[in-house]
Amino acid sequence: MLEVKELWKVYGPLTAVKGVSFSLKPGDIFGFIGSNGAGKTTTIRMISTLLEPTHGTATINGADIIRDPMGVRRQIGYMPDFFGLYDDVKVWEYLDFFATIYEVPAKQRNSVIDNVLELTDLTVKRDAFVQSLSRGTQQRLCLARCLVHDPALLLLDEPASGLDPRARAELKELIIELGRMGKIVIVSSHILPELADFCNCVGIIERGEMLAFGPVNQILRQIQPTRVIAITVLDAAGEVRARVADMPHVLGAHLADEHHLRVEFNGDHEQQSELLAALIQANIKVVQFHEEHANLEDVFMRLTTGAVQ
Amino acid sequence: MTFRELVIENPLQIEFKRAFRRFFGVSRNGTLNAAILVLCVMVYSILMLVVITYREFMSPIAILILQLIMLTFIVPANLHGAIAAEREKRTWDMLLVAPITNAQIVIGKMIGGVLLLLFVSALLIPATVLSFAGDNDATFGKVLAAEAVVLGFAFFLAALSVFISARTKRAFAAQLTIYAVLILGLIVWPIFTSVLVPYREQGYLLFMHPYYAMARIWDPGSFGSMVGGASDQALFTGWLQLLVFLGAAAVLTQITIQTLTNSDGDAGPRR
């Protein structure tokens, strides 16, 4: 269980993080969304014990980042947005080094390394030198490093940056698998459609303030409480609009262009099909009729102003 | 923190493996490093040949000064990147979020440098012993006292290198800073002293200067009279210098441990 309570980080006149609070339970995959400079990395670095909060705290399974940073470090795996790897070491030696640091018993180290290599699909690279790996493979090795001590919480800061589409897809699968394994995963990213695919919870931060937090569907409902149905007609949409506006459960009809209408609708799926039937019975020539779903990008654009600190 | 945790079981011993590979393994810089290693072996062989051939004209102090010169360059060259290079390569923060104490990190980084300086010093022991033949005034006590100065200074230099490395973001900047401090301490300070301070008082201001201290230990009579008197000769025991250098190294190491910061320059929660 991760509980973040009123985290603040102040650098002189600049307040990088303003009272961020949220809590996550095992298995949660949390998408942390925000522009550059919004405060994502600072928040993640405070949770990882790299930065000391000016005010507030966070606890991971009872271990407090201020009072028990060592206890927190034993439970987290942190992958920074920019990271390096040691030269002149092999993949298994790199993992063995971190397994030693993370106090994995010597007798278990080999099997732990084999397991994380298998999970991250790096078994064939076991004896390769880390500097010889591609960017995507290095990213997976960094993730493997985060897993050697079986952490409860994974902090992945922009893990997909610089990866090609295939590597991104593989990383996504891996994160989903980690969520299934009961780990709390915090992923910060700019690639919003991808986050929506695998995060069950998102937080939107701007200028250090958490603007929204919760399950993706809940946040989508918050910004778009009514359903929006896009209708394309053969006739002039202006003539159709008044007739549609009078139909049941229609809250409003707006002209998108000459042949397109956007209808705010508060009915369910059955009532939606009745609306389509009513349009056809009224001899309106409907070419397209579909519900428009808001996505994370819409939510992000709606809630944020793009301002940075 | 126990000796076992700090030294014997310190995970940073992986640094030895990396250093070994740089010279003997197949890596990007392997060929260049192997060439440097071959060059070092050749220079060492020539030195030993010269000492064996001309041992009747040699003095242990010459070998000890050679050892001091070598360590003055080797120790910073080996340790300047201990922490700065980790910051530069962005591996530093991953080490800081691990359950490892600042003391383990700093001591782990220093162990490699200290072992190297002891190895270099050990290599020069045969030459020092052989050169006894050429100096009738050489005594075991003098050699030990001078060796104490050399090793004390090298330990201090190791601590200084890690201290400066911990305060810089670039390994090159750390290296420049260390050599700048050495130039100030070993060259500018004696010049400043010789110009502004009377002869009789210079010994008090230079008693921690390793080259000056070795000269005073080796030849108190001539060097003492050359600088105007021997009233301060009691300072040049070698052991006093060793104690002060080790004390300063311990203080610097402690400060480094207590003020270690992440790549943002923030100390984070106390370890």
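Cut-off values and rules
- Residues numbered from 1 in each chain as written.
- Chains lettered and ligands numbered in written order.
- Predicted model: local features only at pLDDT ≥ 70, side-chain atom pairs only at ≥ 80, totals over all residues.
- Heavy atoms only, no water.
- Helix = DSSP H or I, 4+ residues; strand = E, 2+ residues; numbered from the N terminus.
- Buried < 20%, exposed > 50% of the residue type's maximum accessible area, 1.4 Å probe, protein only.
- Contact = heavy atoms within 4.5 Å.
- Areas by Shrake-Rupley, 256 points an atom, 1.4 Å probe, with all protein chains shown as cover.
- 1 Å grid on protein atoms, 1.4 Å probe; cavity = no way out; pocket = protein on both sides within 12 Å on 5 of 7 lines; lining within 4 Å.
- Points joined across faces, edges and corners; volume = space filled by probe spheres on them.
- Nonpolar A, V, L, I, M, F, W, Y, C, P; charged D, E, K, R; others polar.
- Axes fitted to C-alpha atoms, helices over the stretch in contact; angles between N-to-C directions.
- Parallel < 35°, antiparallel > 145°, perpendicular 65-115°, else oblique.
- Left-handed = near helix turned anticlockwise from the far one by under 90°.
- Arc of directions from axis to C-beta.
- Patch = residues over 30% accessible without salt bridge, like charges linked within 9 Å, V, L, I, M, F, W, Y side chains within 5 Å.
- Salt bridge = Lys/Arg side-chain N within 4 Å of Asp/Glu carboxyl O.

> For the overall build of chain B, give the residues involved together with the corresponding values.
On a plain count of helices and strands, chain B comes out with 14 helices and zero strands. In sequence order, chain B lays out its α and β elements as α-α-α-α-α-α-α-α-α-α-α-α-α-α. Relative to its full complement of 271 residues, chain B shows a buried share of 47%. Taking as baseline every contact in chain B between residues at least 6 positions apart, the subset at least 24 positions apart corresponds to 79%. Entry remark: accessible area of chain B is about 13,200 Å², with carbon and sulfur atoms responsible for 72%.

> Please provide a residue-by-residue account of the layout of surface pockets, values included.
Taken as a whole, the second largest pocket spans an internal volume of roughly 670 Å³. Around the second largest pocket sit 30 residues that line it, and T41, R45, D81 and F82 of chain A together with D264 of chain B are the ones nearest its centre. Of all elements in the fold, only β2 (14-24) and α1 (40-47) of chain A together with α5 (84-88) and α6 (92-96) of chain B reach the threshold of two or more residues within the lining of the second largest pocket. No other element matches α1 of chain A, which puts four residues into the lining of the second largest pocket. Classifying every residue of the lining of the second largest pocket by side-chain character gives nine nonpolar, 10 polar and 11 charged.

> An account of the packing of helix α4 (residues 60-79) of chain B against helix α12 (residues 210-218) of chain B is needed here, citing residue identities and associated values.
All names here are of chain B. Closest axis-to-axis distance for the α4/α12 pair is 11 Å, and the angle between their directions is 165°. One element, α4, and the other, α12, form an angle in the roughly antiparallel class. Judged by the twist between their axes, the crossing of α4 over α12 is right-handed. Contact residues: P60, I61, L64, I65, L68, I69 and T72 in α4; P210, Y211, M214 and W218 in α12.

> Mind laying out helix α8 (residues 216-223) of chain A, listing which residues take part and the relevant values?
Residues and elements named next belong to chain A. Among the residues making up α8, those that are buried are V216, I219, L220 and I223. All buried residues of α8 project into a common sector of 100° when viewed along the axis, lining one side. Turned more than 90 degrees away from the buried face of α8, the exposed residues are N217, R221 and Q222. Next to the buried residues of α8 lie β9 (201-206), β10 (209-214) and α11 (296-303).

> Any details on a nonpolar patch on the surface? Residues and values, ideally.
All names here are of chain B. On the surface, a nonpolar cluster with roughly 1,100 Å² of combined accessible area is contributed by I183, L184, I187, V188, W189, I191, F192, V195, L196, Y204 and L205. Secondary-structure elements contributing two or more residues to the nonpolar patch are α10 (171-196) and α11 (199-206). Counting residues per element, the nonpolar patch draws most heavily on α10, which supplies nine residues. Position of I183 among the secondary structure elements: in helix α10. The exposure class assigned to I183 is partly exposed, which follows from its relative accessible area of 45%.

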